[in-house]
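One-letter residues, chain by chain:
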Amino acid sequence: MEENRAWQVPGAWSSYYSETDPERRMEILCAGSEENPSDKLVPLRHALWELRYSDPQDPKHRVDQFLWQFVNILCVYRMSGSRFFQKKGEKEIRQIMETMGFSEAAGFGAEGERELYWEFRNAARRYFTACLNDKSYRKKYFGIAAMKQDETDKKLAGDAWKLSEGAAERFNLTDEIKPFTQAVRDEFFSIVPDASGLWEGYAEKNESGVSTVHSGVKQKGR
Amino acid sequence: MKKFKNLKFVRAIGFNRVVLICVIFLLYLLFAVLTPVLHGGASFVKVERIFSAMNYAYFLGFLALGVTFVISTGGIDFSIGPVMFASALISGYCLTQYHAPLWLCLIISLIVGSLFGLLNGYFVAYRFLPSFVTSLASIEIAKGIGSVFTKTQSVTWPTAGSENSWYKNLVRAGNVPTGLILLIIAAVICGIVLNKTKAGRYMLCIGSNKEAVRLSGVNTKKWEMIAYVICGLLAGCAAIFYVGAYTTVQPGLGDNFNNDAIAACVMGGTSMAGGVASILGTVIGTMIMSLMQEGILAMGFTISYQYVISGIIVLIAVTADTLSRKRKV
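Residue numbering note: each chain is counted from 1, following its sequence as written. As a convention, the first chain written is A and the first ligand written is 1, with the rest following in written order. The predicted nature of this model means local features are confined to residues of pLDDT at least 70 and side-chain atom pairs, given and counted, to a pLDDT of 80 or more, with totals for whole chains, interfaces and linings taken over all residues.

## Here we look at the overall build of chain A
- Per the convention used, a helix needs a DSSP run of H or I reaching at least four residues, while a strand needs a run of E reaching at least two, with both numbered from the N terminus. When its secondary structure is counted, chain A shows eleven helices and two strands.
- Reading chain A from its N terminus to its C terminus gives the helix and strand order α-α-α-α-α-α-α-α-β-β-α-α-α.
- The proportion of buried residues among the 222 residues of chain A is 36%.
- The contact criterion used is a C-beta to C-beta distance within 7 Å, with each C-beta placed from the backbone. Summarising the internal contacts of chain A: among those between residues at least 6 apart in sequence, 66% fall at separations of at least 24. Buried, partly exposed and exposed are defined by the number of other C-beta atoms within 10 Å of a residue's own C-beta, namely 20 or more, between the two limits, and 12 or fewer respectively, with C-beta atoms placed from the backbone.

## Details of the nonpolar core
Residues and elements named next belong to chain B.
- The term nonpolar core refers to a group of buried residues, namely Ala, Val, Leu, Ile, Met, Phe, Trp, Tyr and Cys, whose C-beta atoms join them within 7 Å. Leu63, Met84 and Ala238 are the most contacted members of the largest nonpolar core, which has 145 residues in total.
- Here this core gets 19 residues from one element, more than from any other, and that element is helix 10 (residues 220–246).
- Excluding its chain neighbours within four sequence positions, the residues that come into contact with Leu63 are Ile80, Gly81, Met84, Leu234, Ala235, Ala238, Phe257 and Ala261.

## Some details on the confidence of the model for chain B
- What pLDDT conveys is the predictor's confidence in a given residue, as a value from 0 to 100. With 97% of its residues at a pLDDT of 70 or more, chain B shows a mean pLDDT of 90.
- Quick note on the complex model: pTM equals 0.89, ipTM equals 0.85.

## Details of the interface of chain A and chain B
- If you look at the interface, chain A gives 38 residues, while chain B gives 32 residues.
- Of all the secondary-structure elements, those providing two or more residues to the side of chain A that touches chain B are helix 5 (65–79), helix 6 (83–98), helix 8 (109–133) and helix 11 (196–208) of chain A.
- A per-element tally of the side of chain A that touches chain B places helix 5 of chain A first, with nine residues.
- Each residue gets one label: Ala, Val, Leu, Ile, Met, Phe, Trp, Tyr, Cys and Pro are nonpolar, Asp, Glu, Lys and Arg are charged, and the others, such as Gly, are polar. Looking at the side of chain A that touches chain B residue by residue, the class counts come to 18 nonpolar, eleven polar and nine charged.

## Digging into the packing of helix 9 (residues 198–215) of chain B against helix 10 of chain B
Residue and element names in this part refer to chain B.
- Following both chains from N to C, one finds helix 9 and helix 10 inclined at 135°, their axes separated by 9 Å at the closest point. It follows that helix 9 is oblique to helix 10 by the angle criterion. Note that helix 9 runs across helix 10; the crossing there is left-handed. Where helix 9 abuts helix 10, its residues Ala199, Tyr202, Met203, Ile206, Lys210, Val213 and Arg214 lie against Thr220, Trp223, Glu224, Ile226 and Ala227.
- For the contact of helix 9 with helix 10, a count of residues per class yields eight nonpolar, one polar and three charged. Angles shown run from 0 to 180 degrees and are taken between the N-to-C directions of axes, each axis being a line fitted to C-alpha atoms and, for helices, limited to the stretch in contact. These descriptions rest on fixed angle ranges, namely under 35 degrees for roughly parallel, over 145 for roughly antiparallel, 65 to 115 for roughly perpendicular, and the rest for oblique. Here a crossing is called left-handed whenever its near helix is offset anticlockwise from the far helix by less than a right angle, and right-handed whenever the offset is clockwise.

## Digging into the packing of helix 5 (residues 80–97) of chain B against helix 7 (residues 131–150) of chain B
All names here are of chain B.
- In contact at an axis separation of 8 Å, helix 5 and helix 7 are set at 20° when each is read in the N-to-C sense. Classified by the angle their axes make, helix 5 and helix 7 are roughly parallel. Both helix 5 and helix 7 take part in a crossing whose hand is left-handed. Each of Pro82, Val83, Phe85, Ala86, Leu89, Ile90 and Tyr93 in helix 5 lies in contact with helix 7, whose residues at this interface are Ser138, Ile139, Ala142, Lys143, Ile145, Gly146, Phe149 and Thr150.
- Broken down by class, the residue content of the contact of helix 5 with helix 7 amounts to eleven nonpolar, three polar and one charged.

This is the structure:
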């Protein structure tokens, strides 16, 4: 959690990072930029906003690339259970991470990394809220039966764990995507504060279960 | 067990699939031993038995491949069997009563299946009806349309050797199991669609978290409906393989194949909660179900026993799926 302290959100921008509606966020961003003209991170925030919400093929179409990549990472994780798909999965996760603003933030050093962390937390909040509001997410048996609250919490904890530590470990990206994994983890615990038991359960199962990290695969630099 | 799980070939194919392949061999062995004992010296180890099991596997395989797409989106289609029969009845009736060209009748079969898929998909994706309710309604519609169209008469497609019987080559051309080749080709195409295309990724992600996918800008309604259309199209294909193997179709039937197809699919590793699907697993599951069906008949039990056993298999497969997901990370 020390890193968490290092990644304290700048006071003036807390409303920007707590808002999940893209249009409202843009309004806050524009207002904040006018109020703080000397803030050197404003261009990065604009760049991340564009990267996240703009559809390059159709400027009128509002998307959320980060949210999509959350679901995409989970899909890759689930499909890469066997070795046959693991290398492909690693390649795919690296490609996904290249679209998530790491290169945009790289030029701003530690402050850029902090902004990225908060952008990921915002995306994670939107993701977890979507999960909790989605009826189909809380269904089982071909959508016929509804899950109990503890089952939903467990599923959410599973998703959060796979998105952060699970994917990072399986695909050998623990250091490279730290702002992402930390953001997902922190946001999950801010939504479900008493889920540490579930989280640790997943981590333990991962350690004792089938191997996840394929040793011998060389780590590529970003 | 842990050592076995970490063996190179087990990790390459996946533990579940290795287990399923072992189940096929064990079942074959079991039937080979039990058939002579229970059925007065009859033998299970015959080429004809394999071909007979394959006949069942072809159409069941297409049904199971189709329903894999729907289950991957988190839904279900219980109407695939009756839709298959409706497709076979309507196209067969066009062939025998209206003397439509055979190629056109085969296309009609695909169109009928796709239309049912479109109907199910529309009501699930655009009208937000639960998929099981929609597909239960579709069962009745499919059975009804099949009966009305054929005036409750069974339809017999051209038999081998008669005019217009070339469609039988789709199942077996001499000693060449063309049905198996076509099923493998279909499975490869389905695997590519599901694992390598944007459409497949959208379907899997919809099954995983529909609301998040919608918020990220994807037209979830369209892709969910497409999954049902693919399922319907493959039910239309299954109809062709069904008549290719069995020639005659009766109205008002087909429900029993839903269970087998869904069991094959879930057994193969497709999650009932959506978001995870395995085409290879579905194909292996299909082979197991077909072998079971052939083995039960070979041992001298009636078809009713097969219904009991396939029901039990569905229960086991579903329970195993639930337990494995509870354990899995």
